[in-house]
Amino acid sequence: MMLNTLDIMQAVLLIAIGLIAGVINTLAGGGSNLSLPALMMCGLPADVANATNRVGVLLQSITATKGFYHHKKLEVNSIKNTFWPLLFGGLCGALTASYLEVTLLKPLLLGTMIAVSLWVVLKSDTDAEQKREPKSCYASIGSLLAIFGAGFYGGFVQAGVGFVLIAAFVGMLDYDLLRANAMKVVATVIFTSIALLIFVFRDQVAWLPGLLLGVGSIVGAKVAVQFAVNVKASTLKIMVLIMTIIASVAALLT
C-alpha cells in the first residue's frame, strides 16, 4: 500500500516521532504509543497504521541490536534459546491482527496500549542490579508461555511490548536490566520480521510514512544504545520508569 499525500509538516512530525520512539523503545518500551496515533493522525486506518508502524520498529531494533552486540551485551546462546517461541508467537499474533475487523482493531489497539502501560506502572518488576546467569525459557512451562506470549503480543499490536519483554526476561529468566534491554530488541527483530512479512503480503503497509518513521527511529536507537551502555543500573531503572510514565500518558491521551 502506498500513501503519497503527506505534506512537509506531517513528514517532519513522523521523523521526529520516530526519533523519540526509537529512544523510548530501546531504553524501555512504549514508543508505539506515540507512533501509532501519529500514523492514524496522518489518515491511516488502524490496521494499516498497525502494520506500517512495524517498518520503523524493525529498523530501530536492528540498529539497537547491532549496537548492543558491538558493546558485548548480547550472547548468541540467549538468542538461540528464545528464537522459536518468539517467532511462532509473532506469527500467530500478526495473523490475528491482519485478519481482525478494522472496526474492532482500533479500540482494541488503544485499549491494549492503555492496559499494558498501566500494568507496567503498577505491577511489573524490573529491579535487577547485578548480572546473573540467565535461565532457559524451556526451564518451565511458565517461562516458555511468557516468551511465546510476548512474541504473540508483539506480532499482534507491538505497542508496549518492550515492557512485557523486560518483565519476562528479568522476572522469569533472571536477566539483569541492561541485558534484558538488549535481548528485548533482538526479540523485537524476530517477531517484527515475521509480522511485517505477513502485513506486506496482505498489502497493509504504507511505505512512505513507515520509512519516515524509520529514519527517525534509527537515529533514536543509536542515541539510546550509547546511553544505556554507559550509565549505572540505577540510572537505567529510573529511565525505564520515566519511559513507562510517558508511554502511559501518551496512551491515555489517544
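Scroll up for the structure.
Fair warning: this is a prediction, and the values are worked out from it, not measured in the lab.

Moving on, we come to empty space enclosed by the protein. Applying the stated rule across the entire model yields two cavities of 30 Å³ or more. Of the pockets and cavities examined, the largest cavity occupies roughly 110 Å³. In terms of lining, the largest cavity is formed by 17 residues, of which the most central are N25, Q60, Q158, K184 and T188. Contributing elements (two or more residues each) for the lining of the largest cavity: α1 (8–27), α3 (46–70), α7 (161–172) and α8 (177–201). One number sums up the size of the second largest cavity: a volume of about 40 Å³.

Our focus in this paragraph is α3. The terminal C-alpha atoms of α3 lie 36 Å apart, and with 25 residues this matches the ideal 36 Å at 1.5 Å per residue to within 8%. By the criterion of burial, α3 is predominantly enclosed, with 20 of the 25 residues buried. K72 lies just past α3 and shows a positive phi near 60°.

Here we come to the packing of helix α4 (residues 76–99) against α8. Between α4 and α8, the least distance of the axes is 8 Å, while the angle of their chain directions is 35°. Along this stretch, α4 crosses α8, giving a crossing that reads as right-handed. Mapping the contact onto sequence places S78, I79, T82, F83, L86, L87, G90, L91, A94, L95, A97 and S98 in α4 and M183, V186, A187, I190, F191, I194, A195, I198 and F199 in α8. Residue composition of the contact of α4 with α8, by class: 17 nonpolar, four polar and no charged.

Calculation notes
- Residues numbered from 1 in each chain as written.
- Predicted model: local features only at pLDDT ≥ 70, side-chain atom pairs only at ≥ 80, totals over all residues.
- Heavy atoms only, no water.
- 1 Å grid on protein atoms, 1.4 Å probe; cavity = no way out; pocket = protein on both sides within 12 Å on 5 of 7 lines; lining within 4 Å.
- Points joined across faces, edges and corners; volume = space filled by probe spheres on them.
- Helix = DSSP H or I, 4+ residues; strand = E, 2+ residues; numbered from the N terminus.
- Expected span 1.5 Å × (residues − 1).
- Buried < 20%, exposed > 50% of the residue type's maximum accessible area, 1.4 Å probe, protein only.
- Axes fitted to C-alpha atoms, helices over the stretch in contact; angles between N-to-C directions.
- Left-handed = near helix turned anticlockwise from the far one by under 90°.
- Contact = heavy atoms within 4.5 Å.
- Nonpolar A, V, L, I, M, F, W, Y, C, P; charged D, E, K, R; others polar.

These values are about where atoms sit, not about what they do.
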